[in-house]
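Listed below are the residues making up each chain.
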Amino acid sequence: MIGVLASGEGTNLQALLDAGLPVVAVASNRADAGALERARDADVTTGVFELDDYPDRPTRDAAMAVWLTTRGVKLVVLAGYMHLLTEPFLDAFAGRIVNVHPSLLPAFPGAHAVEEQLAAGVTESGATVHLVDEGIDSGPVLAQERVPVLAGDDVESLHERIKAVEHRLLPEVVRELCAR
Ligand code: GRF
């Protein structure tokens, strides 16, 4: 059973749902995340874990881990989750957290990967699915696919093209992990 953490629009969550994968819980650090709306539309339980409601990040992360565990979650997918996870969460799901990122990691980690790739003038970008550790977009790569940067690309057009690849790659990798 899969738990998804998302902070934004939730198109990668949608790809998991559309692929028929067993997503049983979706949590966000933002009450206004579009991903929560998508989860509700799919009748998936949602949880909001905003930092302001907790004394510190580890306490919030511990609560989120308990919430997911009590819902039977065995595998956690970060689908556009914009906070670094702290030890209580990483320990609870050790080796069972995957992330999707819009670059060919280890190149261009971080929250502004698409902007930074365009600024650097790369001709090739990509999508990466990897296991999560305590670092920023570090951890062993599970799958990676190249995406060309086209003349005239801006952040929106390049990110859209990368996301189209993410929406295929992420469900593939998650399905494989579920079968293990
Ligand atoms: C994706 O590009 C993902 O790689 C990155 O954040 C974006 C999330 O998009 N980590 P969405 O919320 O799934 O639409």
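The rules we used
- Residues numbered from 1 in each chain as written.
- Predicted model: local features only at pLDDT ≥ 70, side-chain atom pairs only at ≥ 80, totals over all residues.
- Heavy atoms only, no water.
- Near = heavy atom within 4 Å.
- Polar contact = N/O pair within 3.5 Å; in protein donor to acceptor, adjacent residues only side chain to side chain.
- Areas by Shrake-Rupley, 256 points an atom, 1.4 Å probe, with all protein chains shown as cover.
- Helix = DSSP H or I, 4+ residues; strand = E, 2+ residues; numbered from the N terminus.
- Nonpolar A, V, L, I, M, F, W, Y, C, P; charged D, E, K, R; others polar.
- Core = buried A, V, L, I, M, F, W, Y, C linked by side-chain atoms within 4.5 Å.
- Buried < 20%, exposed > 50% of the residue type's maximum accessible area, 1.4 Å probe, protein only.
- Contact = heavy atoms within 4.5 Å.
- Axes fitted to C-alpha atoms, helices over the stretch in contact; angles between N-to-C directions.
- Left-handed = near helix turned anticlockwise from the far one by under 90°.

Colleague: Tell me about the site of the ligand, and please be specific about residues and values.
Modeller: For the ligand, the full set of nearby residues is Gly8, Glu9, Gly10, Thr11, Asn12, Gly80, Val100, His101, Pro102, His159, Lys163 and Glu166. A distance of 3.4 Å is found between an oxygen atom of the ligand and a backbone nitrogen or oxygen belonging to Glu9. Side-chain polar atom of His159 to an oxygen atom of the ligand: 2.6 Å apart, as the coordinates give it. Calculation on the ligand without its partners gives an accessible area of 370 Å², and the protein chains cover 90% of this total. Listing elements by their share of the shell around the ligand, those giving two or more residues are α1 (11–18), β5 (97–101) and α6 (155–179). Per element, the largest residue contribution to the shell around the ligand is three residues, and it comes from α6. Considered class by class, the residues forming the shell around the ligand number two nonpolar, seven polar and three charged.

Colleague: A description of the nonpolar core should follow, citing residues and the corresponding values.
Modeller: Counting residues in each nonpolar core, the largest one holds 33 residues, and the members touching the most others are Val4, Val23 and Val174. In terms of residue count, α6 provides more of this core than any other element does, eight residues in total. Setting aside its immediate chain neighbours within four residues, Val23 contacts Ile2, Val4, Leu13, Leu16, Leu17 and Val44. One finds Ala65, Val76, Phe93 and Val132 within the second-largest nonpolar core, a separate group that totals 18 residues.

Colleague: Got a sec to walk through the packing of helix α5 (residues 113–120) against α6? Specific residues and values, please.
Modeller: One way to put it is that α5 packs onto α6 with a least axis distance of 10 Å and a crossing angle of 115 degrees. For α5 against α6, the interelement crossing comes out right-handed. Counting all contacts with α5, which are made through Val114, Glu115 and Leu118, the residues of α6 involved are Val155, Leu158, His159 and Ile162.

Colleague: Residues and numbers for the side chain of Thr86, please.
Modeller: By the element assignment, Thr86 lies in the loop between β4 (75–78) and α4 (87–92). Dropping the residues within four chain positions of it, Thr86 is found in contact with Arg57, Pro58 and Asp61.

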